[in-house]
Amino acid sequence: MLSRRRSRLVPATPMARVRHRHLLLLVAVAAAAAALLPCASAVRPFVLVLTRDDFLKDAAGAQHPSLPSADADADEWDDFDEESPVADPLLSPSSWVPLLDPASASPSGDEPDSPSDALFVAGVRAMLSAASEGDDAAFATAAAQIEAAATGGHPGAQSALAFFSGAGMTRPTSRSRAFLLHKFAADAGDLQSKMALAYSYFRQEMYEEAVTIYAELAEAALTSYLISKEPPVIEPVRLHSGTEENKEALRKSRGEDDEDFQITEYQAQRGNTIAMHKLGLLYYYGLRGVRRDYGKAYHWFLKAVEKGDTRAMELLGEIYARGAGVERNYTEAYKWLTLAAKQQQYSAYNGLGYLYVKGYGVESKNLTKAKEYFEIAADNKEHGGYYNLGVLYLKGIGVKRDVATACNFFLRAVNVGQPKAIYQVAKLFQKGIGLKRNLHMAAVMYKSVAERGPWSSLSRWALESYLKGDIGKALLLYSRMADLGYEVAQSNAAWILDRYGEESVCMGESGFCTDMERHLRAHALWWQASEQGNEHAALLIGDAYYYGQGVGRDYERAAEAYMHAQSQSNAQAMFNLGYMHEHGHGLPLDLHLAKRYYDQAVEVDPGAKLPVMLALTSLWIRKNYAGSFLVHFIDSLPEVYPVLEEWVEDVLMDEGNATILTLFACLIDVDVVLEDMN
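Think of each chain on its own: its residues are numbered from 1, step by step along the sequence as written. Residues qualify for local features only when their pLDDT is at least 70, as the model is predicted, and side-chain atom pairs are given and counted only at 80 or more; totals for whole chains, interfaces and linings, by contrast, use all residues. Calculation of side-chain values draws on the structure's entire complement of heavy atoms; hydrogens and water are dropped beforehand.

What follows concerns the overall build of the protein. Helix and strand definitions follow DSSP, with helices as H or I runs of at least four residues and strands as E runs of at least two, each counted in order from the N terminus. Along the backbone of the protein there are 32 helices and four strands. Categorising residues by exposure relies on relative accessible area from a 1.4 Å probe, with only protein chains included: less than 20% of the type maximum marks a residue as buried, more than 50% marks it as exposed, and the intermediate range marks it as partly exposed. Here the protein holds 678 residues, and the buried ones make up 55% of them. We call two residues in contact when some of their heavy atoms are within 4.5 Å. A separation threshold of at least 6 residues defines the contact pool for the protein, and within that pool the share at least 24 residues apart is 63%. The protein chains shown are the only cover counted for residues, whose accessible areas, like all others here, come from Shrake-Rupley with a 1.4 Å probe. Carbon together with sulfur atoms contributes 52% to the accessible area of the protein, which is approximately 28900 Å² in total.

In structure tokens, the structure reads:
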């Protein structure tokens, strides 16, 4: 229900105004659960909105110097050579993952630790422990160890120290020092600092610099799948829905402890093929909080096939092609993909086409047959088929180069979330091939791919910590990811700070956060999330300024924040803007505009019908009885009855309904007055 209301979770500190630019790239919040071979793995759906003006004529892109020679060999299939990666980013000396997961290899592998490596590992391990235990003194000691490692030139320590400086942990907040430290670490090869640096450039609309770094990170993210053999599926779980905990999403993220999982496992053990297939998917992709286990995935897919499930055939083909949990065997991959294709599992055609392009598991390379299989997949709306046909036409492999056709296929794949297609279209925007050069769009798209990199695995550990009640570690890990530019992590960290207050174990400049430090940090995080399209975050910022909660009351800044939320079709923001126009708070007093916003609110959210009806009644009174006792009485009610308003909020547990009751009181008064007049 809408009303001119304030939220319970109120960020509370001013921030410098930033310019907002509407993104043409709208990202859905659902992760895809299907993937094929390395050339056809899905992430999450995009809706890419382009106009004719975004396209170039064929001739303009076909001769671009950055394109490979026409009629290229299949060895130049795409930009991701399966044999090219030499190191797993997860096992770099800067990664926190081996310190979070006891099953992971040591960050330094078999090499002996250097003094700075030892200091860094000890410092991060102690920091994580201190965050869990809520020990501010131990946290400060850990930060000192990390600082010593940074002084010794350790890039991971420099990156962590930059994180501390930007957030104001154990030291004064200094964004300039954070930027400098991230720059040093990035120049030394730290991928997390490269993410943070690219995000900093992106926020400042320095798209040339952002694109350069995000392009490198996006390529690293895609090639990392080939090393780890992990399908690129990511499940960003939002801890909250509005101001309340997202209980349903959290329940579904408890892995093997979830009741639904246990029911599925029981059904699979009883011979249910649908449950077997579902259980295989959960283990293969690591969905819903389940730990990836390729052995169990293979077991259940094989069981499902034995029971007649044809969908699992394609996945068995993928497992053998990737070498995920089994020895890579392209002959076996070809066998299972062929069986799946015969059962009209059209995604399998895309896998077969890829094998013929590379000559893996088949008698010889056959580009004609590969194109035929890709076309069958594409005709049946398989995103991998779109992507691979795009590669054929862009590089002129087995066909005459046609940049316009390549763009068309890539865009189809982008709109169903194909990550390599997103990368390719970003490159087209960056280079101006087939599409007009647009660095802003290129940065947005590269960023979306880069965020699927192995460093995103911190979100899994943050969520697990939260589910276990380890709020301190969850906040620390979400805050780290927020520093790298992840919107969901930004809103999750801000929500923890607001929801748990002192219990959030927020580390400040000296010891635990003061109330002001916590409010400042939450507000900064909400603001960053709002810049990336989080309408709820923008709404909270508007409330903070409107009500003066933790900041000086500033109606103009409130209006700016509400305008941002309104641009994302937020009904509450529309209602609030109508209210501000009606009362002249931060916006011109304009009853016509007020009515327009009220009407828009009910169009977007039919649930707003009652508060909008009452607001329109208030408008009618204001228009027909301007300057009268009634109008003055309505305007004075929030000040005359502050205690009543607080009581209504506390008792009804519905934010802002006091205003609705106020309007009801006004209507009653109008009836009484009219009766007296009669």
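Anyway, onward from the coordinates.
Attention shifts here to the packing of helix H17 (residues 383–395) against helix H18 (residues 403–414). Where helices are involved, their axes are fitted lines through C-alpha atoms of the stretch in contact, as for all axes, and angles between N-to-C directions lie from 0 to 180°. Contact pair H17 / H18: the axes reach a minimum separation of 8 Å and the direction vectors enclose 160°. Between H17 and H18, the angle falls in the class roughly antiparallel. Considering only the axes of H17 and H18, their crossing is left-handed. Residues His-383, Tyr-386, Tyr-387, Leu-389, Gly-390, Val-391, Tyr-393 and Leu-394 of H17 form the contact with H18, whose own contacting residues are Val-403, Thr-405, Ala-406, Phe-409, Phe-410, Arg-412 and Ala-413. Within the contact of H17 with H18, the residues separate by chemical class into eleven nonpolar, three polar and one charged. Just so you know how the angles are binned, under 35 degrees is roughly parallel, over 145 roughly antiparallel, 65 to 115 roughly perpendicular, and the rest oblique. The handedness criterion is simple: a crossing whose near helix is rotated anticlockwise from the far helix by less than a right angle is left-handed, and one whose near helix is rotated clockwise is right-handed. Any residue outside Ala, Val, Leu, Ile, Met, Phe, Trp, Tyr, Cys, Pro, Asp, Glu, Lys and Arg is labelled polar, Gly included; the first ten of those are nonpolar and the last four are charged.

Looking now at empty space enclosed by the protein. The gaps left among the atoms become clear once a water-sized probe is rolled over them. A 1.4 Å probe that fits into a set of points on a 1 Å grid over the protein atoms alone but cannot get out defines a cavity; an open set with protein on both sides within 12 Å along at least five of seven lines defines a pocket, and lining residues are those with an atom within 4 Å of a point. Grid points are joined across faces, edges and corners, and a volume is the space filled by probe spheres set on the points. Under the definition given, this model contains six cavities of 30 Å³ or more. Of the voids in this model, the largest cavity is the one considered here, and its volume is about 80 Å³. Considering only residue class, the lining of the largest cavity consists of eight nonpolar, two polar and one charged.

This part covers unusual backbone geometry. Phi is mostly negative for residues that are not glycine, and the peptide bonds are mostly trans. Unusually for a residue other than glycine, Lys-381 sits at a positive phi of about 60°. On the secondary structure map, Lys-381 appears in the loop between helix H16 (367–379) and H17. On the accessibility criterion, Lys-381 (67% relative accessible area) is exposed. Of note, Val-505 is a non-glycine position whose phi angle comes to about 55°, a positive value. Structurally, Val-505 is set in the loop between helix H23 (487–500) and helix H24 (515–531).

This paragraph deals with helix H14 (residues 330–342). The α-helix winds at 3.6 residues per turn, so residues separated by three or four positions along the chain end up facing the same way. For a helix, the expected span equals 1.5 Å multiplied by the number of residues minus one. Spanning 13 residues, H14 covers 18 Å between terminal C-alpha atoms, matching the ideal 18 Å at 1.5 Å per step. Within H14 the residues assigned to the buried category are Tyr-330, Ala-333, Trp-336, Leu-337, Thr-338, Ala-340 and Ala-341. Buried residues in H14 make contact with helix H12 (294–306), helix H13 (311–322) and helix H15 (347–358). What qualifies as a polar contact is a pair of N or O atoms within 3.5 Å, subject to a donor-acceptor requirement within protein and to the restriction that residues adjacent in sequence count only when both atoms come from side chains. For H14, the capping residue at the N-terminal end is Asn-329, with a side-chain oxygen 3.0 Å from the backbone nitrogen of Thr-331. Following H14 by one or two positions, Gln-344 adopts a phi angle in the positive range, close to 60°.

Turning our eyes to something else, we now look at the confidence of the model for the protein. What pLDDT conveys is the predictor's confidence in a given residue, as a value from 0 to 100. Averaged over the protein, the pLDDT score is 80; the fraction of residues at 70 or greater is 77%. The low-confidence segment residues 227–232 (pLDDT under 50) makes 28 contacts with residues lying over four places distant or belonging to another chain. Across residues 672–678, where pLDDT falls below 50, the model places two contacts with residues more than four positions away in sequence or in other chains.

This next bit is on the packing of aromatic side chains. For this analysis, a ring pair means two rings from Phe, Tyr or Trp (six-membered ring only for Trp) whose centres lie within 6.5 Å, classed as stacked if their planes differ by under 30 degrees, edge-to-face if by over 60, and tilted for the remaining angles. If you walk through the whole model with that rule in mind, you get 23 aromatic pairs. With a centroid separation of 5.9 Å and an interplanar angle of 40°, the aromatic rings of Tyr-356 and Tyr-373 are classed as tilted. With Tyr-356 in helix H15 and Tyr-373 in helix H16, this pair connects stretches of sequence that are 17 residues apart. On the basis of relative accessible area, Tyr-373 is assigned to the buried category, the value being 16%. For the pair Tyr-423 and Tyr-446, a centre-to-centre distance of 5.6 Å together with 65° between the ring planes defines the contact as edge-to-face. Here Tyr-446 lies in helix H20 (residues 439–450) and Tyr-423 lies in helix H19 (residues 419–431), a separation of 23 residues in the sequence.

Salt bridges are defined by distance alone: a side-chain nitrogen of Lys or Arg within 4 Å of a carboxyl oxygen of Asp or Glu. Taken as a whole and judged by the stated rule, the model has 25 salt bridges. Glu-464 is paired through a salt bridge with Arg-291; the nearest N and O atoms lie 3.0 Å apart. Separated by 173 residues along the polypeptide, Glu-464 in helix H21 (residues 458–467) and Arg-291 in the loop between helix H11 (273–285) and H12 bring together distant segments of the chain. On the accessibility criterion, Glu-464 (16% relative accessible area) is buried. Salt bridges here are not isolated pairs; linked through shared partners, they connect Glu-248, Arg-251, Lys-252, Asp-258, Asp-260 and Arg-288.

To qualify as a nonpolar core, a set must consist of buried Ala, Val, Leu, Ile, Met, Phe, Trp, Tyr and Cys residues joined through side-chain atoms within 4.5 Å. Within the largest apolar cluster, 189 residues are counted, with the highest numbers of intra-cluster contacts made by Trp-96, Met-127 and Tyr-214. Not counting chain neighbours up to four residues away, the residues in contact with Tyr-214 comprise Met-195, Ala-198, Tyr-199, Phe-202, Ala-443, Tyr-446, Lys-447 and Ala-450.

Further remarks concern the packing of helix H26 (residues 555–566) against helix H27 (residues 571–583). For the pair H26 and H27, interaxial distance at closest approach is 8 Å and the crossing angle is 145°. In this structure, H26 crosses over H27, and the sense of that crossing is left-handed. Side by side, H26 and H27 meet where Tyr-555, Ala-558, Ala-559, Tyr-562, Met-563, Ala-565 and Gln-566 of the first sit next to Ala-573, Met-574, Asn-576, Leu-577 and Met-580 of the second. For the contact of H26 with H27, a count of residues per class yields ten nonpolar, two polar and no charged.

All right, on to the side chain of Asn-350 then. Within the secondary structure layout, Asn-350 lies in helix H15. Within the local environment of Asn-350, its side chain forms a polar contact with the side chain of Asn-388, the two groups lying 2.7 Å apart.

Moving on, we come to the environment of Asp-470. Along the polypeptide, Asp-470 turns up in the loop between H21 and helix H22 (471–483). Separated by 337 residues in the primary sequence, Asp-470 and Glu-133 place their C-alpha atoms 8.4 Å from one another. Not counting the four nearest positions on each side in its chain, Asp-470 is found in contact with Ala-131, Ser-132 and Ser-465. Within the local environment of Asp-470, its side chain forms a polar contact with the side chain of Ser-132, the two groups lying 2.6 Å apart.

Attention now moves to helix H25 (residues 535–547). The first and last C-alpha atoms of H25 sit 18 Å apart over 13 residues, in line with the 18 Å expected at 1.5 Å per residue. Counted residue by residue, H25 has twelve buried out of 13 residues, so it is predominantly covered. Those residues of H25 lying buried are His-536, Ala-537, Ala-538, Leu-539, Leu-540, Ile-541, Gly-542, Asp-543, Ala-544, Tyr-545, Tyr-546 and Tyr-547. In this structure, the buried side of H25 is in contact with strand S3 (240–241), H24, H26 and H27. Positive phi shows up at Gly-548, right after H25, with a value of about 65°.

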